[in-house]
Amino acid sequence: MPNAHTVDQVRAAEAPLLAGPPPGILMQRAVSGLVAYVARRLGRVHGARIVVLAGGGDNGGDALWAGARLAARGARVDALAPGRTHPEGSAALLAAGGRLHGPDPAPADEVARALVGEADLVLDGLLGIGGRGGLRPAHARLAAFAPPRRTVAVDVPSGVDADTGEVAGEAVRASATVTFGTHKRGLWLMPGAAHTGPVELVDIGLVLPEPDLRALDDADVAALLPVPGAASSKYRRGVLGLVAGSDAYPGAAVLAVGGALRGGAGYLRVITEGRLGAAPGDPHSRAADLVLRAHPEAVVTPIAPGDGTAMLAAGRVQAWAIGPGLAPGPPVRDLLATLLGADEPVVVDAGALDPLGELLGADPAVLRGRSAPVLVTPHEGEFARLTRLALGWDPRTTDTELARDRLGTVRRAAAATGATVLLKGARTLVVDPAGAAWANLTGSAWLGSAGTGDVLTGLIGSLLAAGVPATLAGAVGAHLHGRAAERAALPLAASDLPDLLPRVVTELLDGETAPKPGHCR
Ligand SMILES: NC(=O)C1=CN([C@@H]2O[C@H](COP(=O)(O)OP(=O)(O)OC[C@H]3O[C@@H](n4cnc5c(N)ncnc54)[C@H](OP(=O)(O)O)[C@@H]3O)[C@@H](O)[C@H]2O)[C@@H](O)CC1
Ligand SMILES: Nc1ncnc2c1ncn2[C@@H]1O[C@H](COP(=O)(O)OP(=O)(O)O)[C@@H](O)[C@H]1O
Ligand SMILES: [K+]
């Protein structure tokens, strides 16, 4: 399970190792990992041209020492320093035949541009976990020269806040980040996460406390996936009640049902909103027609808008998902209030989010009396609206806060509402009311297309119905959804995702059951 820690946690973990001899051991471990990565990436070190961007702290020290070791192996290494440099690092570089440009006189823009332009690789050692605030002008100038495809960030892309992921001004964009000891929280949090490229972790022997932010890997997800056993039946595997689709938005129900069926629920009851048909009490809905045509295994009950009694009469379920394709308004609020009055886990998405905000605004304790969790799945815009309606937050401030401290902001919303919050986007976050937090590391920007969120809601609903706890259901659902997207033909369309899930699940389960190296059976 990948973990991410705060800067304070990293500093506390390094302290005992820094206190004992031999001096510099942590830096040399970090440098060994960095050099190994660079050598693997370049293929051939001898003759390679490397530029080191060297800040004045230990991050610059790492990069300069790596430069020295690469120079000793025949690379041509030029270091650009905007200010004072790490004394031992710069001495080692010069002794190995590398060149140092700056700080006095500062490297001219033309020199920096020419060196970086010719470089096979740029090592960004301007700033690591000791950075505070936006990059100073001389650092920012050099950061702007770093070519994203040929830049490797040392520990953290300079200009990205290692704790919060905030990017205040210029920041290096890297094609990869080699980080030391543990993932820093800011590497997993937007907007900083967009600057890292793939993150390579180098073990430097830190003994770390419980992480502040976690992620699941494939093996974790395989272990958490509900798999039927010999005694399972469609009911025992979990029944999901999915309230989705209206005459105005019938397609969202089809997508959510697709996600739910491939999420592994044993039985799916779909409640769609429609008009009353010719006969009294006989509602008809476009969504029901579309769902049944696409997914005959779903059991569909059309209800008149807001008819909570008809919704519950559809039958018992182990979890509910509500929202895709529903138009926010009093009828949806009534349905949601009915569901909150029952005590099954509920996923609330899309058209049910504003109604939830209104219910919370009227009664901030509406979720506190429940023993079963409520998981909300907003994207950023929906999050700003939900927190306005529920908590009175100003949406413009919320946008700023999300950019400044995304995890902290979601934690505050979860604690104040009593809901588990899954904030969608690149690096989806899932945070429960007590603050436990997961970041999703799968997926691609191709997911930013209409309807993909509906698939996710159905998928998470299924996992909840199968008994996966809410936070993990969110994290597992986001992981699978992202893996499906990674396998999609491009450009991806939302309706491709359900069909890709079986391959993802099969691969995960095969990986889990495959013999481990050295394991005989
Ligand atoms: N922890 C570990 O286990 C290990 C850590 N290791 C490495 O150490 C790194 C941390 O090193 P660190 O503490 O020296 O901090 P670092 O990031 O180099 O920055 C300090 C320098 O930056 C400056 N500065 C500050 N803000 C600035 C700004 N906005 N814009 C511009 N400049 C700014 C500040 O200047 P000052 O304020 O003092 O004038 C000072 O010179 C860590 O990321 C990792 O790479 C590994 O070697 C081994 C294991
Ligand atoms: N840039 C991105 N990178 C990765 N995933 C993204 C990105 N943009 C959006 N997504 C994902 O795409 C999905 C979009 O969901 P949502 O906004 O609810 O769409 P819709 O309402 O149209 O179904 C979410 O799972 C989100 O995490
Ligand atoms: K850096």
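Residues numbered from 1 in each chain as written. Chains lettered and ligands numbered in written order. Predicted model: local features only at pLDDT ≥ 70, side-chain atom pairs only at ≥ 80, totals over all residues. Heavy atoms only, no water.

### Digging into the overall build of the chain
Scanning the chain for helices and strands turns up 18 helices and 21 strands. Computed over its C-alpha atoms, the radius of gyration of the chain comes to 26 Å, within 12% of the 24 Å expected for a compact globule of 521 residues. Each of the three principal axes of the chain carries a C-alpha extent, and together these read 90 × 60 × 45 Å. By residue count, 54% of the 521 residues in the chain fall in the buried class. In the chain, of all internal contacts separated by at least 6 residues, the share reaching a separation of at least 24 is 72%. The centroid of the 47 positive side-chain charges in the chain is displaced by 4 Å from the centroid of its 51 negative side-chain charges. (Helix = DSSP H or I, 4+ residues; strand = E, 2+ residues; numbered from the N terminus. Rg over C-alpha atoms; globule rule 2.2 N^0.38 Å. Buried < 20%, exposed > 50% of the residue type's maximum accessible area, 1.4 Å probe, protein only. Contact = heavy atoms within 4.5 Å. Lys, Arg positive; Asp, Glu negative; His and termini not counted. Charge placed at Lys NZ, Arg CZ, Asp CG, Glu CD.)

### Points about the site of ligand 1
As a matter of local geometry, ligand 1 sits amid 26 residues, with Glu-14, Asp-58, Asp-62, Gly-128 and Asp-155 nearest to it. In the model, an oxygen atom of ligand 1 is placed 2.8 Å from a nitrogen or oxygen of the Arg-11 side chain. Between ligand 1 and the protein, one listed contact pairs an oxygen atom with a side-chain N or O atom of Asn-59 at 2.9 Å. A total of 940 Å² of accessible area belongs to ligand 1 in isolation, and the protein chains cover 82% of it. (Near = heavy atom within 4 Å. Polar contact = N/O pair within 3.5 Å; in protein donor to acceptor, adjacent residues only side chain to side chain. Areas by Shrake-Rupley, 256 points an atom, 1.4 Å probe, with all protein chains shown as cover.)

### Overview of the UniProt feature "binding site: (6S)-NADPHX" (unreviewed entry) in the chain
Taking the UniProt record as the reference, the feature "binding site: (6S)-NADPHX" (unreviewed entry) is found at Asp-58, Asn-59, Gly-60, Gly-61, Asp-62, Asp-155, Ala-252, Gly-325, His-379 and Asp-454. These annotated residues cover 397 residues of sequence, and their C-alpha atoms sit far apart, with the largest distance between any two at 54.5 Å. Lining the largest pocket, from the residues just named, are Asp-58, Asn-59, Gly-60, Asp-62 and Asp-155. Along the chain, Asp-58 falls in helix α3 (residues 58-72). Note on Asp-58: relative accessible area 51%, which makes it exposed. Residues within four places of Asp-58 in sequence aside, it is in contact with Met-27 and His-86. (UniProt positions renumbered as here; feature names shortened; annotations may be inferred. 1 Å grid on protein atoms, 1.4 Å probe; cavity = no way out; pocket = protein on both sides within 12 Å on 5 of 7 lines; lining within 4 Å.)

### Quick notes on the pattern of salt bridges
Going through the model one piece at a time under the given rule, you end up with 22 salt bridges. Across the pair Asp-120 and Arg-49 runs a salt bridge, and its minimum N-O distance is 4.0 Å. Here Asp-120 is found in the loop between α5 (109-118) and β5 (121-125), whereas its partner Arg-49 is found in strand β2 (residues 49-54), with 71 residues between them in sequence. Relative accessible area serves as the criterion here: at 33%, Asp-120 is assigned to the partly exposed category. A relative accessible area of 34% places Arg-49 in the partly exposed class. Between Arg-333 and Glu-358 there is a salt bridge whose closest N-O contact spans 2.7 Å. (Salt bridge = Lys/Arg side-chain N within 4 Å of Asp/Glu carboxyl O.)

### Quick word on the domain arrangement of the chain
By the assigned domains, the chain splits into domain 1 (3-211) and domain 2 (218-512). Computed over C-alpha atoms only, the centres of domain 1 and domain 2 are separated by 41 Å. Taken together, the contact pairs 8 residues of domain 1 with 12 residues of domain 2. In total, about 860 Å² of surface goes out of reach between domain 1 and domain 2, with carbon and sulfur atoms giving 66% of it. Interface area lost by domain 1 to domain 2 is led by Trp-188, Leu-189 and Met-190, which between them contribute 58%. (Domains from an automatic or database assignment. Buried area = accessible area lost by both parts, 1.4 Å probe.)

### Here's the deal with the packing of helix α2 (residues 25-42) against α3
When two helices pack together, their arrangement is given by the angle between their axes and by how far apart the axes lie. The interhelical angle for the contact between α2 and α3, taken along N-to-C directions, is 55°, at an axis separation of 9 Å. Here α2 lies oblique to α3, going by the angle between them. Of the two elements, α2 crosses α3, and the hand of that crossing is right-handed. Taking contact as the criterion, the partners of Met-27, Gln-28, Ala-30, Val-31, Ser-32, Leu-34, Val-35 and Val-38 in α2 are, on α3, Asp-58, Gly-61, Asp-62, Trp-65, Ala-66, Arg-69 and Leu-70. For the contact of α2 with α3, the per-class residue count stands at 9 nonpolar, 3 polar and 3 charged. (Axes fitted to C-alpha atoms, helices over the stretch in contact; angles between N-to-C directions. Parallel < 35°, antiparallel > 145°, perpendicular 65-115°, else oblique. Left-handed = near helix turned anticlockwise from the far one by under 90°. Nonpolar A, V, L, I, M, F, W, Y, C, P; charged D, E, K, R; others polar.)

### A few points about the coordination of the potassium ion (ligand 3)
Each protein donor to the potassium ion (ligand 3) is listed here as Asn-59 (OD1), Asp-124 (O), Leu-127 (O), Val-154 (O), Val-156 (O) and Ser-158 (OG); together their distances run 2.5 to 3.0 Å. Metal-centred angles of 68 to 173° between the 6 donor atoms at the potassium ion (ligand 3) mark the site as irregular. When the donors of the potassium ion (ligand 3) are listed by position in the chain, the intervening gaps give N-x64-D-x2-L-x26-V-x1-V-x1-S. (Donors = N, O, S within 2.8 Å, 3.2 Å for Na, K, Ca; no water. Tetrahedral: all angles 85-135°; square planar, octahedral: opposite > 155°, others 65-115°.)

### Quick notes on the layout of surface pockets
In this model, the largest pocket occupies a volume close to 790 Å³. Lining the largest pocket we find 36 residues, and of these Arg-11, Gly-57, Asp-58, Asn-59 and Gly-130 sit closest to its centre. Going through the elements one at a time, α1 (7-19), α2 and α3 are the ones with two or more residues in the lining of the largest pocket. The class makeup of the residues in the lining of the largest pocket is 14 nonpolar, 13 polar and 9 charged. Computed from the structure, the second largest pocket encloses a volume of approximately 660 Å³. (Points joined across faces, edges and corners; volume = space filled by probe spheres on them.)

### Describing α5
Regarding α5, the residues found buried are Ala-112, Leu-115 and Val-116. Buried residues of α5, seen end-on, are gathered within an arc of 95° and therefore sit on one face of the element. Within α5, the exposed residues directed more than 90 degrees away from the buried face are Glu-110 and Gly-117. Taken together, the buried residues of α5 touch β2, β3 (76-80), β4 (99-101), β5 and α6 (137-145). (Arc of directions from axis to C-beta.)

### A look at the sheet that holds β4
Spatial strand order, β4-β3-β2-β5-β6-β7-β9: 7 strands in an open sheet with parallel pairing. At either end of the open sheet lies a strand with only one pairing partner, and these are β4 and β9 (199-202). For this sheet, the mean angle separating the axes of adjacent strands, direction not counted, is 20°. For β3 and β4, the ladder comprises 3 bridges, and the chain directions are parallel. Paired with Asp-78 across the bridge in β4 is Arg-99. Packed on one face of the sheet, α5 meets β2, β3, β4 and β5 and runs near 145° to β3. (Pairing = 2+ DSSP bridges.)

### So, the packing of aromatic side chains
All chains considered together, the criterion is met by 2 aromatic pairs. When the centroid spacing of 5.4 Å and the interplanar angle of 25° are considered together, the rings of Tyr-235 and Tyr-267 count as stacked. Residue Tyr-235 is located in the loop between α7 (218-224) and β11 (239-243), and its partner Tyr-267 is located in strand β12 (residues 267-273); the two are separated by 32 residues in the primary sequence. Seen in terms of ring centroids, Phe-383 and Trp-393 are 6.4 Å apart; in terms of plane orientation they differ by 70°. Their pairing is edge-to-face. Taken as a pair, Phe-383 in helix α13 (residues 380-391) and Trp-393 in the loop between α13 and α14 (395-404) lie far apart in primary sequence, 10 residues in all. The burial state of Phe-383 is the same as that of Trp-393; both residues are buried. Above the face of the Trp-438 ring, Arg-214 is positioned so that its terminal group lies 5.8 Å from the ring centre. The ring centre of Trp-393 lies 4.9 Å from the NZ or CZ of Arg-412, which sits over that ring. (Phe/Tyr/Trp six-rings, centres within 6.5 Å; stacked < 30°, edge-to-face > 60°. Lys NZ or Arg CZ within 6 Å of the ring centre and 35° of its normal.)

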